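Coordinate analysis (summary)
What follows is each chain in one-letter form.
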Amino acid sequence: MKNLQIGRVKTFENLEITGSDEFAVHPILETIAVSTENELILLENDFQISSRINWAEQRRGFRTDGNQLVAVLADGRCLVIEDGEIMELEVAEPLNSEISGAEWSPDEQTLALADNKSIFLADSSLIPFVERSLTFSENEKKLAPMNVGWGSETTQFRGSEGKLKPGERIEKERMDIRQNSEKTEVHWRADGEIVAVSWFAGGLRNLTIFDRNGEIQNNVNIRNLYLSNCFAHRPNANLMCSAILKANSDDRIVFFERNGETRNSYIVKWGTNGEGEKKRIIERIEWNSTGNILAMQTAQEANRRLEFWHQSNYEFTRKYCWRFSDSVASINWKWSTVESGKLEILLGNGQFFSIHISPAPSFCDVISQNVVVASDELRMYSLCRRVVPPPMSDYSIQCLSDIVAFTTSSRHVHVITADWNIISFIQNTDNYKFNNDRASIDEVLHSEVTEGLICGFVYDEPTESFVIWVASHGKHIVCRVGDNFEILFEGESVGWIGVNPENSHVEIATNDGKFIDLMTREELFRIEQFDAVQVHFCKVTFQIFRRFYSIFMTESNHHVILSDTSKLFIDSSRVSQDAVSILTRGTSDILLIDFDNKLRFVDVETQKTLEDVRDVEAGCELVACAPESSNVILQAARGNLETIQPRRYVMAETREFLDRKEYISAFKWMKKHRIDMSFAMSYKGAELQKDMEFWIQKSTNDSQLLEQLLISCTQNFEEDGTALCSSVAQFISEMEDLEMKTQMFPLLLTALLRSKPARIQECLKEVQHHVQAVVDRKDVFTRHSLHHISFFVPAKELFNCALSTYDLKLAQQVAEASNYDPKEYLPVLNKLNRISDESEREYRINVVREAWLDAIRSLIILDEKIQKDSESPWFSDIREIIQRENLHQKALTLLNPGDKRYKEFCELYAAELERRVHWKEAALFYELAGAQEKCLKCWEMSRDVDGLQAAARRFSLDSGALKIHALKMSATLREARLPKELAKALKLAGSPSQQIVQVLCEANEWGEARREAGGELEILKVSVYGRQEQILTEISRRLEEFEKYKKRLAVVRDLKLKRVEQYAAGEVDDLRDDISVISSISSLRSSGSSKVSMASSVRRRKQIEKKKASLKEGGEYEDSALLMVLAENYRWTETVGSEFSG
């Protein structure tokens, strides 16, 4: 789906080479040799004549080799021209000069000459080495059948001929069709391995194939075919292309395999001929070096055209047409062997053109449609609306003549036709199709334009005129046509013309990279030189923030340029140098495919490649995209179209749906493109919940879509998702419209089940409540609802929840909907149905559910029905369940302090706490249960004297009994070495004060001992003097030890500093030895390579910690150990000081 565009055009005009018949261009030096009737003219690469050589013979071909030029004459002789001297050589026997042909091989090492009888091959020294007759027998063929299906004639099925016996033929009378020329044509294949000769003899034209050694390969099968004199080799295929003559219809282009059998053929669709016009004939065809463009020279009376055809999707179409002026007597042209898109043309009036032709994208940004030139029509595609594979199209614009060039404006398509008219097609009111019936001829071009090569044109809307770029008479002209003809620009090179949509100014670009505004005559910017470019325009709108000022919007217009060297520019800045294909989307994004077959996105404003990258098939190119759609159309190398939807554009469209509050469309869009629907919550936030009524009422027929929304929201946003589910459930449950509520009931169930925690019982209750309101098919509704719940809740859990409603019929329906085994649930339900007492049935149901707390609640109700306070069987069950399931604390929450069994529950809990050795908590609950002895015993075991005293006070315990408990506690506290609590216990037991003071002094509690001693200080003094002597002795010992370790630490540090100095001076290679440089470095040193296991790393750290506590002299961590010992002396001093300060 590409067109052809004209890029760099080098041209000059020299009247001294008028009437030329042959020319050759040196591939490296770019010098030109031109042959006229009487002389050979040599031109340098600046197109100035350097020398002339007179001759009068007819030439058939040139070869240039450095300063040497070889001219092949029509009679088989050659002229070698070197340094102005001419040497004549006879290469072949005298040929028929009227029909002979010659051509050098692509490497210019072999010359082939032929007439209608023989072919001669000569080497680069013009010494002939092969002569072959063009007629040969079947046994002389060298080539075997090529491949399956295209073998010899006998292996191919050809309709009725395929049914004949071997050797039989259907004889058909051949028509008498006049040849355009009887001249012999010789052409080499691009690799120089095969040469083919088209020769005319006996009223028929034949095509014979030889290898480079002159061995005969094959004759082309001309069964019922009438070959013309022109043919060409397709470089990238084993095919030959030949023009076929037709008597009363259009000519055809036929492709032959190398074995001579036909491959396929295409009709050459000429423009509609007027009545009385003669048929157009094909004079010459030639492929470019890549085989994707076929140049075809045609003639119709005195009118000549050079057409460029392209084969794609099994169709052969004309992409460009150059109609020459009637005054041009001769046309000589050839494709460059160096550049695939370069065509060199020499006209008989002395004009020379070197044209760069390249494929151009068919997408037009102005109308957002693809416009493909196909012979005499424009095929229109709106691929973002509907993908129509070529060669089909959405619709076509019939131009009824060959198309020279076209352009688009906001509501028009303008075409220059080969009859030199500019036709405009206006767009319909649907802003889509362009109407053939409303075409208008706006201009008729005059000789100022038609005598040259029309390279491009645009429509200038402000002046309502056309501006055309023409290469003519050795210069480039950009002119405004019409009644007031005006030349806007004249120069040596122009490479592009277009209209800037921002200001409607016409702009051009010269091949040296200069972009010029033709309206203001200003240079806009420069890029690197190019042969051809694609130019797109982007207008970026952004906000500017200023301090103390309001925000305002501004716009910037940018040129997006892709050169033929795969370099991407935004204005003058180069962004990429490996761009294969580009498109612009909207005002901010550039899409490009690079050499690595990656689809990338470039931000126009920042000129940076974004992080989104997508792999595409090798050889893909961008075809179309539009800002109003997320579709991006690619064309693969084999011609098929593929639609992709990049994630960034899908997400952008999702945000647009949500911003417009088209929630249902947004949810469907997200579901289609597998976007997590929680994105709606993350993007809209609380607004999604506020608009809940709006999107629920819009989706009465698609509750599953909203169910998916709730599931995604609760999965990613637990708190907000639960709030949304609660709101949805409340909204649906409060609906008054019964029919709508029934339709949305699955959504109600999903909202309850996706809440955290799941409200399963509430779901079942909603089913019970709504089934009473449903008029018809209640069982069906119940079954469907329970089946829906079973998707979210496991079968066993759902059955238990159904039992929790104590509705056995509902439980049976749940079991059936969950595909529960009837052998499992029917016996249980039947047994429960036989229990008449409702409370007991609830108890048994709770036992089946293993809901033990509910079972205890039911047992409490049953126990309260028994009036007597004695042991009841129900309370025995309560005790058993509590102890078995360890529900002491939870069971206690079921009763109030004044209830019947409250004290028994407290005693059960206290016994459990006592078993767990939680003495204080057990004592408190024994006190609530009224168990005095057990309470005091627990306080005694807890060693809490204050708690024992408080409990005795609450129980009004006499002093004697309290004294006994205090004495028991004091013995326990003495063994536990808790002097402060022991002193309290002795005091509570009435022990002498001297004993209490002695205990406090032993604990170094001097303040408490002083207060307890009162006036009797003798015992206190003795204890204080003894403690003083202990401290003084310890101080002297520690002082001596401190000085010793302090000196050793200084020595260790000096050694380490010396080691560092040696390492800095290069005297040692490593800091590490028996003494580490710095302890912190050693402690942080890695435990080994990454292959060391975790266990070995832990073991290594433990060894390091152990070494840090070792005072061994010379040890690796000796300094750390010394510091730790010195620090311990400081801590001891602080402890002693705090002892006396208290």
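Refer to the preceding data block for the structure.
Notes on the structure in this doc start here. Bear in mind the structure is a predicted one, so any value in this text is a computation, not a measurement.

Description of the overall build of the chain
- Each helix and strand counted, the chain has 31 helices and 55 strands in total.
- A separation of at least 24 residues holds for 47% of the contacts in the chain among residues at least 6 apart in sequence.
- Carbon and sulfur atoms form 47% of the exposed surface of the chain, whose accessible area is close to 57,400 Å².

Brief notes about the side chain of Ser242
- Assignment of secondary structure puts Ser242 in strand E19 (residues 239-244).
- Taking the relative accessible area as the measure of exposure, Ser242 reaches 2% and is therefore buried.
- Those residues in contact with Ser242 that sit more than four places away from it in its chain are Leu227, Cys230, Phe231, Arg252, Ile253, Val254, Phe256 and Ile285.

A closer look at the environment of Leu988
- Tracing the backbone shows Leu988 in helix H25 (residues 979-988).
- As for Leu988 and Ser970, which are separated by 18 residues in sequence, their C-alpha atoms are 9.6 Å apart.
- Contacts of Leu988, omitting those with residues within four sequence positions, involve Val945, Gln949, Leu962 and Ala966.

Quick look at the sheet that holds strand E37 (residues 453-460)
- Pairing in this open sheet of four strands is antiparallel, and the strands run E37-E38-E39-E40 from one edge to the other. Of all the strands in the sheet, just E37 and strand E40 (486-491) have a single pairing partner and so form its edges. Across the sheet, the mean angle separating the axes of adjacent strands is 20° when strand polarity is ignored.
- Both strand E38 (residues 465-472) and strand E39 (residues 475-481) contribute to a ladder of seven bridges, which runs antiparallel. If you follow Ile468 over to E39, its bridge partner there is Cys479.

Some points on the nonpolar core
- Of all hydrophobic cores here, the largest spans 66 residues; its most connected members are Phe667, Trp695, Ile696, Val728, Leu764 and Ile789.
- Looking at this core element by element, the count peaks at seven residues for helix H10 (residues 745-753).
- If near-sequence neighbours (up to four positions away) are discounted, Ile696 is found in contact with Leu706, Val728, Phe731, Met735, Met740 and Met744.
- By size, the runner-up hydrophobic cluster in this structure holds 48 residues, among which are Trp852, Ala923, Cys938 and Leu986.

Section: the state of the cysteines
- Taken as a whole and assessed by the stated rule, the structure comprises zero disulfides.
- Unpaired in this structure, Cys384 has its nearest cysteine sulfur neighbour in Cys625, at a distance of 6.3 Å.
- You can call Cys384 buried: its relative accessible area is 16%.

Points about helix H8 (residues 718-733)
- A rise of 1.5 Å per residue sets the reference length of H8, with its 16 residues, at 22 Å; its end C-alpha atoms lie 22 Å apart and thus fit the reference within 8%.
- Taken as a whole, H8 has its buried residues at Gly721, Thr722, Leu724, Cys725, Ser727, Val728, Ala729, Phe731 and Ile732.
- The inward-facing, buried residues of H8 abut helix H4 (678-684), helix H5 (686-690), helix H6 (692-697), helix H7 (703-716), helix H9 (738-743) and H10.

Some points on the sheet that holds strand E43 (residues 514-517)
- A sheet is described by the order of its strands in space; here four strands give the open sequence E41-E42-E43-E44, paired in antiparallel fashion. Looking at which strands have only one partner, the edges of the open sheet turn out to be strand E41 (496-500) and strand E44 (522-526). Adjacent strand axes in the sheet meet at a mean angle of 25°, parallel and antiparallel pairs treated alike.

Thresholds applied
Within each chain, residue numbers correspond to sequence positions counted from 1 in written order. Only residues with pLDDT of 70 or above have their local features reported here, since the model is predicted, and side-chain atom pairs are shown and tallied only from 80 upward, although totals for entire chains, interfaces and linings are computed over all residues. Only hydrogens and water are set aside; all other atoms, that is, all heavy atoms of the structure, feed into the side-chain values. Strands are runs of DSSP state E lasting at least 2 residues, helices are runs of H or I lasting at least 4, and numbering of each runs from the N terminus. Note on contacts: a residue pair qualifies if any of its non-hydrogen atoms lie within 4.5 Å across the two residues. Surface exposure here means Shrake-Rupley accessible area, sampled with a 1.4 Å probe, where a residue is shielded only by the protein chains that are shown. Relative accessibility thresholds used throughout: buried, under 20% of the residue-type maximum; exposed, over 50%; partly exposed, between the two (1.4 Å probe, protein chains only). The pairing criterion for strands is at least two bridges between them, as found by DSSP. The axes used here are C-alpha line fits, helices contributing only the stretch in contact, and every angle between their N-to-C directions lies in the interval 0 to 180 degrees. Residues belong to a common nonpolar core when they are buried Ala, Val, Leu, Ile, Met, Phe, Trp, Tyr or Cys residues joined through side-chain atoms within 4.5 Å. Our working definition of a disulfide is a cysteine sulfur pair at a distance within 2.5 Å. One fewer than the residue count of a helix, multiplied by 1.5 Å, yields its expected span.

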